[in-house]
Amino acid sequence: MNEATTGNGDGATTVAAGVSPAIAEPLREKLTKKAITADHPTWCPGCGDFAVLAAFYKVLEKRNLDHEKIVTLAGIGCSSRFPYFVNGHGAHYIHGRAVPLASGISLARPDLHVFLFGGDGDGFSIGGNHLDHGARKNINMTYFIMDNFVYGLTKKQTSPTSPIGFKSKTDPSGAIDQPVNPMKKLIAGGATFIARTHAANVIHMIQMIERAFDHQGFSVIECLSECVEFFPDVFDPANPKKGGSFEVIQEKKWDGTPEDEMRHDVTDELAAYKLATLPFPGVFGVFYETDRPTKNALEKKWIETTRERTGNASDLEILQKTFDRMK
Ligand SMILES: Cc1ncc(C[n+]2csc(CCOP(=O)(O)OP(=O)(O)O)c2C)c(N)n1
Ligand code: SF4
Ligand SMILES: [Mg+2]
């Protein structure tokens, strides 16, 4: 039996044992790491992004997704080279414009699994506005932001997440601007799944990617991923192997115990915001998750209603009518 799990594309189906589909699908081979590995990653040795790629391969393999339904997209940056290293549909697109590209693909082909990768500059700076709109519209996709607190590809400029005092080529005497708080930005923007992880913790990364993938809507993960070249050791305070501590959010179990009172309710926006105010390195896990209709679902309904109203006219007929009206 070919068993594909559900996920951020609505076309992944599971054929139940013993049920014969009208036209039998050819038996699929299991999706292997070999099948999804494309090119030799060209990141600097030790770059945190390698671990992210390894975690992503693991999730694809584990979920045994239909290979042709995997789409990996990115903007521009070291982290945005990601689609080159995944054997699947994908594009290394324009700096900061990956969310609009992913939105179009997700809305036009809701059966695909749309994964988006990029950096802090790509997502929070030039693409910050697109991030907000993707979030508020709740367009179905999984967006993984590899945050290294610097512009890596262009060799060390201050990024929107660089801490005050960071010395870079654009701030030789130290950054003076208040950095973006990714969690606060995403909560305010209206993202319906928001999580935070660390590239030094592959197991946690895998858990977060799977949770985000299972969420219907605009799901975003911020991952602290070290740029060993231009901002080394910055994430050590959250890396137990380097003397730091990785503090995981304890989520409510709704078991009625007194200790559950202290646990985090992921549906509570204000509680998520409070977690986001904790000083660096903060906490890791799911900050916020809520159910809200996706634009994909709303648009589908709207198209169906319109189609019904036009007596199930074809796209061409509707277009022709529109042109006729314009004459
Ligand atoms: C429109 C546009 N502006 C600027 C650039 C130059 N540029 C390329 S990548 C980049 C920043 C990359 O930083 P980030 O997104 O944090 O990715 P990283 O390299 O750190 O992974 C910049 C400014 C560009 N390619 N296109
Ligand atoms: S410059 Fe930094 S972010 Fe880019 S590949 Fe090298 S270590 Fe990674
Ligand atoms: Mg960066």
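No experiment lies behind these values; they were computed from the predicted model shown.

### Quick word on the packing of aromatic side chains
Then, in step 1: In this structure the tally under the stated criterion is 16 aromatic pairs.
Then, in step 2: On the basis of an interplanar angle of 85° and a centroid distance of 4.8 Å, the ring pair of F149 and F235 is categorised as edge-to-face. Of this pair, F149 sits in the loop between β4 (141-147) and β5 (150-151) while F235 sits in the loop between β8 (218-224) and α8 (258-261), and the two are 86 residues apart along the sequence. Neither F149 nor F235 differs from the other in exposure class; each is buried.
Then, in step 3: Taking NZ or CZ as reference, R196 lies 4.6 Å from the ring centre of F284, over its face.
Then, in step 4: Above the ring of W254, the side-chain terminus of K252 is found at 5.7 Å from the ring centroid.

### Quick word on the site of ligand 2
Then, in step 1: Near ligand 2 you find W43, C44, C47, C78, N148, C227, V228, E229 and F230, and these make up its full shell.
Then, in step 2: Looking at the shell around ligand 2 residue by residue, the classes come out as seven nonpolar, one polar and one charged.

### Focus on the pattern of salt bridges
Then, in step 1: Summed over all chains, the structure comprises 18 salt bridges.
Then, in step 2: Here E68 makes a salt bridge to R28, at a shortest N to O gap of 2.7 Å. A residue pair is termed long-range when its members are at least 10 positions apart, and E68 in the loop between α2 (49-63) and β1 (70-74) and R28 in the segment before α1 (33-36) qualify at 40 residues.
Then, in step 3: Judged by relative accessible area, E68 falls into the partly exposed class, the value being 38%.
Then, in step 4: Taking the relative accessible area as the measure of exposure, R28 reaches 32% and is therefore partly exposed.
Then, in step 5: The partner of K62 in a salt bridge is E210, and the shortest N-O contact between them spans 2.7 Å. In this pair, K62 is assigned in helix α2 and E210 in helix α7 (residues 202-214), connecting sequence segments 148 residues apart.
Then, in step 6: Here the salt bridges share partners, and the residues they tie into one network are K62, R63, E210 and D214.

### Some words on the nonpolar core
Then, in step 1: Within the largest apolar cluster, 34 residues are counted, with the highest numbers of intra-cluster contacts made by V52, L60, F82 and F144.
Then, in step 2: Looking at this core, the elements that each hand over two or more residues are α2, β3 (113-119), β4, β7 (193-198), α7 and β8.
Then, in step 3: The element that contributes the greatest number of residues to this core is α2, accounting for eight residues.
Then, in step 4: Once residues lying within four places of it in the same chain are set aside, the contact partners of L60 are L31, I36, L65, I70, V86 and F115.
Then, in step 5: In terms of nonpolar packing, the next biggest core, distinct from the first, is built from 29 residues, V71, A98, Y143 and V220 among them.

### With respect to the packing of α2 against α7
Then, in step 1: At their nearest, the axes of α2 and α7 sit 9 Å apart, and the two run at 50° to each other. On the basis of the axis angle, α2 is oblique to α7. Remark: the crossing between α2 and α7 carries right-handed chirality. Along its contact with α2, which presents A51, V52, A55, F56, K58, V59, K62 and R63, the element α7 presents V202, M205, I206, I209, E210, F213 and D214.
Then, in step 2: Per-class residue counts for the contact of α2 with α7 are ten nonpolar, no polar and five charged.

### Observations regarding the side chain of D49
Then, in step 1: Structurally, D49 can be placed in helix α2.
Then, in step 2: It turns out D49 is buried and unbridged, and the closest side chain with the opposite charge, R81, is 9.0 Å from it.
Then, in step 3: The residues touching D49, leaving out its near neighbours within four places in the chain, are W43, C78, S79, M146 and S225.

### Some points on the site of ligand 1
Then, in step 1: Close to ligand 1 lie 16 residues, the nearest being C78, S79, D120, G121 and D122.
Then, in step 2: The separation between an oxygen atom of ligand 1 and a polar side-chain atom of N148 is 3.0 Å.
Then, in step 3: Starting from 590 Å² of accessible surface for ligand 1 in isolation, the protein chains cover 73%.
Then, in step 4: Of all the secondary structure elements, the ones that give two or more residues to the shell around ligand 1 are α4 (120-126) and β5.
Then, in step 5: With four residues, α4 is the largest single contributor of residues to the shell around ligand 1.
Then, in step 6: A class-by-class count of the residues in the shell around ligand 1 yields six nonpolar, eight polar and two charged.

### A look at the sheet that holds β3
Then, in step 1: Taken in spatial order, the seven strands line up as β2-β1-β3-β4-β8-β7-β9 in an open sheet, and their pairing is mixed. Each edge of the sheet is formed by a strand with only one pairing partner; in this case those strands are β2 (89-92) and β9 (285-289). Between one strand axis and the next, the sheet turns through 15° on average, direction left out of account.
Then, in step 2: Of the pairings in the sheet, the one linking β3 to β4 comprises five bridges and is parallel in character. Within β4, the position partnered with L116 by the bridge is Y143.

The rules behind the values
- Residues numbered from 1 in each chain as written.
- Chains lettered and ligands numbered in written order.
- Predicted model: local features only at pLDDT ≥ 70, side-chain atom pairs only at ≥ 80, totals over all residues.
- Heavy atoms only, no water.
- Phe/Tyr/Trp six-rings, centres within 6.5 Å; stacked < 30°, edge-to-face > 60°.
- Helix = DSSP H or I, 4+ residues; strand = E, 2+ residues; numbered from the N terminus.
- Buried < 20%, exposed > 50% of the residue type's maximum accessible area, 1.4 Å probe, protein only.
- Lys NZ or Arg CZ within 6 Å of the ring centre and 35° of its normal.
- Near = heavy atom within 4 Å.
- Nonpolar A, V, L, I, M, F, W, Y, C, P; charged D, E, K, R; others polar.
- Salt bridge = Lys/Arg side-chain N within 4 Å of Asp/Glu carboxyl O.
- Core = buried A, V, L, I, M, F, W, Y, C linked by side-chain atoms within 4.5 Å.
- Contact = heavy atoms within 4.5 Å.
- Axes fitted to C-alpha atoms, helices over the stretch in contact; angles between N-to-C directions.
- Parallel < 35°, antiparallel > 145°, perpendicular 65-115°, else oblique.
- Left-handed = near helix turned anticlockwise from the far one by under 90°.
- Lys, Arg positive; Asp, Glu negative; His and termini not counted.
- Polar contact = N/O pair within 3.5 Å; in protein donor to acceptor, adjacent residues only side chain to side chain.
- Areas by Shrake-Rupley, 256 points an atom, 1.4 Å probe, with all protein chains shown as cover.
- Pairing = 2+ DSSP bridges.

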